[in-house]
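Spelled out from the first residue to the last, the chains are:
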Amino acid sequence: MSLIIKMDAIKTADFRKFLSAVKVDGKAVVVTPEVDNVIVKSARNIPGVETSMANLINVYDILKAKYLVLDQNALAVIEEVFA
């Protein structure tokens, strides 16, 4: 499933609903193509959920998380940077 993560306002409750919609329950890394302060601030109060930019993602972050949520555009950045 490909998706573009977009939020209009900083709301932790809305971000929790998004995570539930994509069936994420537990430690997760949410990867965005660039810094998105709305997503970062919405996710920072959720225990076990971290955010990262696609060009800064590392193996350690991926391995310690149970779920990896990639924005569709972040996947393109990962392919470009790490290919």
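Let me sum up the structure you'll find in this document. All values derive from a computational prediction rather than experimental measurement. (Residues numbered from 1 in each chain as written. Predicted model: local features only at pLDDT ≥ 70, side-chain atom pairs only at ≥ 80, totals over all residues. Heavy atoms only, no water.)

### Some words on the pattern of salt bridges
Next, step 1: Scanning the model with the defined rule gives 1 salt bridge in all.
Next, step 2: Glu 50 is the salt-bridge partner of Lys 64, the closest N and O atoms lying 3.2 Å from each other. With a gap of 14 residues between them, Lys 64 in helix α3 (residues 59-64) and Glu 50 in strand β2 (residues 49-53) connect regions that are remote in the sequence.
Next, step 3: Lys 64 gets classed as partly exposed once you look at its relative accessible area, which sits at 32%. (Salt bridge = Lys/Arg side-chain N within 4 Å of Asp/Glu carboxyl O. Helix = DSSP H or I, 4+ residues; strand = E, 2+ residues; numbered from the N terminus. Buried < 20%, exposed > 50% of the residue type's maximum accessible area, 1.4 Å probe, protein only.)

### Section: helix α1 (residues 12-21)
Next, step 1: Of the positions making up α1, those classed as buried are Phe 15, Phe 18 and Leu 19. Viewed end-on, α1 has its buried residues packed into an arc of 100 degrees, placing them on one side of the element. When the buried face of α1 is taken as reference, the exposed residues oriented beyond 90 degrees from it are Lys 17, Ser 20 and Ala 21.
Next, step 2: Among the residues trailing α1, Lys 23 stands out with phi positive, at a value near 60 degrees. (Arc of directions from axis to C-beta.)

### A look at the nonpolar core
Next, step 1: By size, the foremost hydrophobic cluster in this structure holds 14 residues, and its most contacted members are Ile 5, Phe 15, Phe 18, Leu 19, Val 30, Val 49 and Val 69.
Next, step 2: Elements represented by at least two residues in this core include exactly α1, β1 (28-32) and α2 (37-43).
Next, step 3: At 3 residues, α1 tops the list of elements feeding residues into this core.
Next, step 4: Among residues more than four places away in sequence, those in contact with Val 49 are Phe 15, Leu 19, Gly 26, Ala 28, Val 30 and Ala 43.
Next, step 5: Within the second largest apolar cluster, 7 residues are counted, among which are Val 29, Ile 57, Ala 65 and Ala 74. (Core = buried A, V, L, I, M, F, W, Y, C linked by side-chain atoms within 4.5 Å. Contact = heavy atoms within 4.5 Å.)

By themselves, these observations are geometric and do not establish any function.
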